[in-house]
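This is what each chain is made of:
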Amino acid sequence: MLQSKLFCKTKKEISAAKEPTSLILLLRGDFIERSLSGVYRFLPLGFRVLKKIEEIIREEMEKIGAQEVLLPALQNKKLWEETGRWKKIDPPLFIFCDRHKKELALGPTHEEEIGDLVRKRVVSFKDLPLSLFQIQNKFRNEMRPTGGLLRTREFLMKDLYSFHKDKKDLERFYKKVALAYKRIFKRCNLAPLLVEASSGTIGGKISHEFMVPAEVGEDKILICQNCDFRANVEKYQKIRHCPKCKALLQTVSAIEVAHIFMLEDEYSKKMKIFFQDKGGSLKPVQMGCYGIGLPRLMATIVEKNHDQNGIIWPKEVSPFKIHLIALQGDDSKVLSETKKLYFELQKRKVEVLFDDRRDKSPGEKLVESDLLGIPIRVLISRKLLSEKKIEIKKRDQKTIKKFNFKETIKYLENQ
């Protein structure tokens, strides 16, 4: 991608002093733009990051045997009345009337929709287990959306639903999902804590959240330094000592990056999602649901991967692998040699953002490169050409390496 053609206008500073660092950097880098309170536009750089996160999630879901579907954002009132959540879910639904004066809702979650889909197809124990997921926009009628992408009213979410013949099989899959989530977060350079959580209006007796400790986090979690107890304050209110070992608990601010639920038969009984077991008896299907908000995950990555100069994207979610810079863009020889390297990398299917701009000074280009946070910066300048060298620097390191043209190609292909 030629940076001269990229739809991106970075900013030196923005008036958002009280906002999280993630929002400030994403706005300054022109990854996103606020449309209205709790609603954001994703520009080309931000959308590329979002798609990278989406592909990581999709790969890990398919590894555990989940199949992808796409369910409607417009939801049927009758289904929500079956579960009793039409007026009870928190935050409340976005409800409106169509031209036939029928009430519809924008989906904040899809237990009812998926339940209706599955009950028409699951008949026997032979149809189970089953797991379906989607990646789709959700709508939450938040009273006070805050923290940029950390709490919004419209966001992209991966929601997975699983269906089982008994609780034992549900528990087995629940653990498998938790391990898949750990792989997802590791690929995003995050190491969240798995904590006991309150299930809220989603339901189920057991649920867990993946929490990333961070000062800007809206959640408070309880951590025992003596044993493995971890919990959201909502789950265990007003306790100071560990319920397992009685040690004093530490309270830490954190960002929730995922929530998983053992719904068991809560929805199955209300929606009559039954199957016939080996003996011919009808039994309620055991359900689980598992969610990850992609924009919140994107913001959390930035919160935990930045320095005073800008973002430091983990390589698997970065919008590009290489930031190739012709330092003096108005020098025909510098530009020509940089183009040569650009085309060679393109032939090898390496994702490159090529700063070919003629109207930016060397200083402006380097500052902007740090802000955008692409993992590897490759530099060609007049001085380097005189040395017959190309400069390479990783965004998260201070060390600078210099190679000739062939060595550069070989090095970058292996990164």
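The structure we're discussing is the one just above.
Draft legend 1. Representation of unusual backbone geometry. With an omega of -5°, the peptide bond running from Asp90 to Pro91 counts as cis. In this structure, Pro91 sits in the loop between helix H3 (77–83) and strand S5 (94–97). The step from Leu128 to Pro129 runs through a cis peptide bond, and the omega angle for that step is 0°. With phi around 60°, Asp30 is a residue other than glycine that occupies positive phi space. Relative to the elements of secondary structure, Asp30 occurs in the loop between helix H1 (21–28) and strand S1 (32–36).

Draft legend 2. H1, seen in detail. The buried count for H1 comes to six of eight residues, which makes it a mostly enclosed element. Burial in H1 covers these residues: Ser22, Leu23, Leu25, Leu26, Leu27 and Arg28. For H1, the secondary structure elements touched by its buried residues are S1, strand S2 (39–42), helix H7 (294–304), strand S17 (306–307), strand S18 (310–311) and helix H9 (362–372). In the segment just after H1, Asp30 is the residue with positive phi, at about 60°.

Draft legend 3. Expanded view of helix H11 (residues 405–413). Those residues of H11 that fall on the buried side of the exposure criterion are Thr408, Ile409, Tyr411 and Leu412. Around the axis of H11, the buried residues are gathered within 170° of arc, so they sit on the same side. When the buried face of H11 is taken as reference, the exposed residues oriented beyond 90 degrees from it are Lys406 and Lys410. Against the buried residues of H11 lie strand S19 (322–326), helix H8 (332–347), strand S21 (376–380), strand S22 (390–394) and strand S23 (400–403). The residue sitting at the N-terminus of H11 and contributing the capping side-chain oxygen is Asn404; that oxygen lies 3.2 Å from the backbone nitrogen of Lys406.

Draft legend 4. A look at the environment of Leu294. Tracing the backbone shows Leu294 in helix H7. According to the relative accessible area criterion, Leu294 is buried, its value standing at 0%. Along the chain, Leu294 and Gln136 lie 158 residues apart, while their C-alpha atoms are 9.8 Å from each other. Discounting chain neighbours no more than four positions away, the residues touching Leu294 are Leu50, Ile53, Glu54, Ile57, Ile135, Leu156, Met157 and Lys158.

Draft legend 5. Region of interest: the sheet that holds S23. Taken in spatial order, the five strands make up an open sheet running S20-S19-S21-S22-S23, and their pairing is mixed. Each edge of the sheet is formed by a strand with only one pairing partner; in this case those strands are strand S20 (352–355) and S23. For this sheet, the mean inter-axis angle between neighbouring strands, taken without regard to orientation, is 20°. Pairing of S21 with S22, which is carried by four bridges, proceeds in the antiparallel orientation. When the bridges of S22 are listed, Ile376 appears paired with Lys394.

Reading guide: rules and limits
- Along each chain, the written sequence defines residue order, and numbers are assigned to residues from 1.
- Where local features are concerned, this predicted model is filtered to residues with pLDDT of at least 70; where side-chain atom pairs are given and counted, the filter is 80 or more; whole-chain, interface and lining totals use all residues.
- Excluding hydrogens and water, the side-chain figures rest on all heavy atoms present in the structure.
- In this text, helices come from DSSP runs of H or I with a minimum length of four residues, and strands from runs of E with a minimum of two, each type numbered from the N-terminal end.
- Note on exposure labels: buried denotes an accessible area under 20% of the residue type's maximum, exposed denotes more than 50%, and partly exposed covers the range between, all computed with a 1.4 Å probe on protein chains only.
- We call two residues in contact whenever any of their non-hydrogen atoms come within 4.5 Å of each other.
- As used here, the arc is the angular range of directions from the helix axis to the C-beta atoms.
- Throughout this description, a polar contact denotes any pair of N or O atoms lying within 3.5 Å of each other; where both atoms belong to protein, one of them has to be capable of donating a hydrogen while the other can accept it, and for residues adjacent in sequence the pair is counted only when both atoms sit in side chains.
- Here, a strand pair is defined by DSSP locating no fewer than two bridges between the strands.
- Geometry is summarised by axes, namely lines fitted to C-alpha atoms with helices restricted to the contacting stretch, and by angles between N-to-C directions that run from 0 to 180 degrees.

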